[in-house]
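Fold and contact review
Now for the letters of each chain:
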Amino acid sequence: MEKDADVVVIGGGISGCAIAYNLAKRGSKVVLVEKGEIASEASGRTGASIRQQGRNPKEIPPMRASVALWEGLEKELRGETGFIRSGNLYIAQKQDEVAVLESNFQEAKDAGLDARMLTAKEVKELVPPLESPVVAGLHSPNDGFSDCIKSTYSFANAAKEHGAKIYTQTRAIGVGVTAGRVSSVMTEKGEVKTPVVVNAAGVHAPKLAKMVGVHIPIKIVRAFSQETEPCPPAFRVALRAPQTSGKQTNTGAIRTGGGFKSRYDHDIGFDDLKDLDIWLPRLIKFRQNIHLKWDWSHLARQIKRALPLYRKEWPDLDFPVGVEPRINHSALEYRRQELIKIMPFVSKLKIAKRWAGLLDLSPDLVAILGEVEHPKGFIVTCGFSGHGWALGPITGKLISELILDGKPSISLHAFRPSRFAEGDVDVPARYR
């Protein structure tokens, strides 16, 4: 392992790999460490949607820039991303759901995005297999989706071509601080001296931040997806209904995930006692979207983590490798049946695979990006709240600019880590 680096990036998802690539491209000596394999967690389990509409207004400027980057990534990285400009379509199946679409449309219009409201007839013309009653639609033709595994590996491979060193199956187990500044990262394979550490560890980011006395108030939820066997081309647009979503991938499979009113599971644990003043109002407001669940294996791991007897196993408890998030099969079947109501032909397709992934929610459902106040040189990129995939390319660019130029080309003030301590945290109008 390298003994020193200009920057150490912790986390091998799309954000970490994009940051490593952008830094290495500009001549930085970069080391990236990942406890598992590249894209083995959230970035390898995402629906890979790349949408501008339905965003918090704070996210729209970087999201627009990210979509522009996605278009040229295959050429730039000299690797596959599977990016398709499919368009993104929200549909309302009942009159009382139209308000959500109209609100999204107004925000898109205010931001100058290309989006328009559709009648029921226009929706069915855009999606020929759609047979369910539809009241209205909201279409953004410039959105799309990509291949999560190929894209993340393309960033990683391009980073290596520019000299970055990437170590998989390598856990970061400590961060050194000297005179108020980051000085090293301790890993299972040795120590790397560095003045800058990027914490791009996703749901594990709070545990890494705690090593240097930084508190990140995120909550973790489980999201679920499934894919059918491949079928002939049926529709192109990425579809989001209230209780389900559907898109046809490059392989011909129909992928189903959550809709804009779907529920996600949160496993109750002892850590829920932290930040209760911040999170309780949000959990009450979004009780239709976040389902609190008891998971005894989750509680058992937390109990072990607190007992001195198990401290010799703490890397396995705090940063587990290969632990599969629990799949909510009943939720997936419900989403499948909802998609069948919309597109009956899906009922004839067998389910090929199902999986779950973990999302790191911030209190305002907006990403946490930037350098912390103390220690200097410790940079956080987490709390994407399910939006990290689409923002991956621009995250890589902006964080590299922050490190190398001292200022990113798009302001990260709204995403700064200090906003929680400052009390500058909105309660979102709706769960996105």
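From a predicted model like this one, the values you see are computed outputs, not experimental measurements. (Residues numbered from 1 in each chain as written. Predicted model: local features only at pLDDT ≥ 70, side-chain atom pairs only at ≥ 80, totals over all residues. Heavy atoms only, no water.)

1. Notes on the overall build of the protein chain
Note the following rule: Every helix listed is a DSSP run of H or I at least four residues long, and every strand listed is a run of E at least two residues long, numbered separately from the N terminus. Classification of residues uses two cut-offs on accessible area relative to the type maximum, computed with a 1.4 Å probe and protein chains only: under 20% is buried, over 50% is exposed, and between them is partly exposed. Whether two residues are in contact is decided by their heavy atoms: any pair within 4.5 Å suffices. Working definition of accessibility: Shrake-Rupley area with a 1.4 Å probe, residue cover restricted to the visible protein chains.
Scanning the protein chain from N- to C-terminus turns up twelve helices and 21 strands. Each principal axis of the C-alpha atoms in the protein chain carries an extent, and together these give about 65 × 45 × 40 Å. Across the 432 residues that make up the protein chain, the buried fraction comes to 56%. Restricting the contact set of the protein chain to residue pairs at least 6 apart, pairs at least 24 apart contribute 73%. Of the roughly 18200 Å² of accessible surface on the protein chain, a fraction of 54% belongs to carbon and sulfur atoms.

2. Let's talk about the nonpolar core
We count it as follows: Buried Ala, Val, Leu, Ile, Met, Phe, Trp, Tyr and Cys residues form a nonpolar core when they are joined through side-chain atoms within 4.5 Å.
Val 9, Ile 50, Phe 155 and Val 198 are the most contacted members of the largest nonpolar core, which has 47 residues in total. Going through the elements one at a time, strand 1 (7-10), helix 1 (14-25), strand 2 (30-33), helix 2 (60-77), helix 5 (148-161) and helix 11 (388-405) are the ones with two or more residues in this core. Looking at this core, the element that brings in the most residues is helix 1, giving eight residues. Discounting residues that sit within four places of it in the chain, Phe 155 has contacts with Ile 14, Cys 17, Ala 18, Tyr 21, Leu 73, Leu 77 and Pro 393. Membership of the second largest hydrophobic core comes to 27 residues, among which are Val 175, Val 192, Phe 319 and Cys 382.

3. Some words on unusual backbone geometry
Residues His 374 and Pro 375 are joined by a peptide bond in cis, for which omega reads 0°. Note that Pro 375 resides in the loop between strand 20 (368-371) and strand 21 (378-382). Unlike most non-glycine residues, Ala 179 shows phi in positive territory, near 50°. Position of Ala 179 relative to the elements: it lies in the loop between strand 9 (172-178) and strand 10 (181-187). Notably, Leu 365 is not glycine yet its phi reads approximately 60°, a positive angle.

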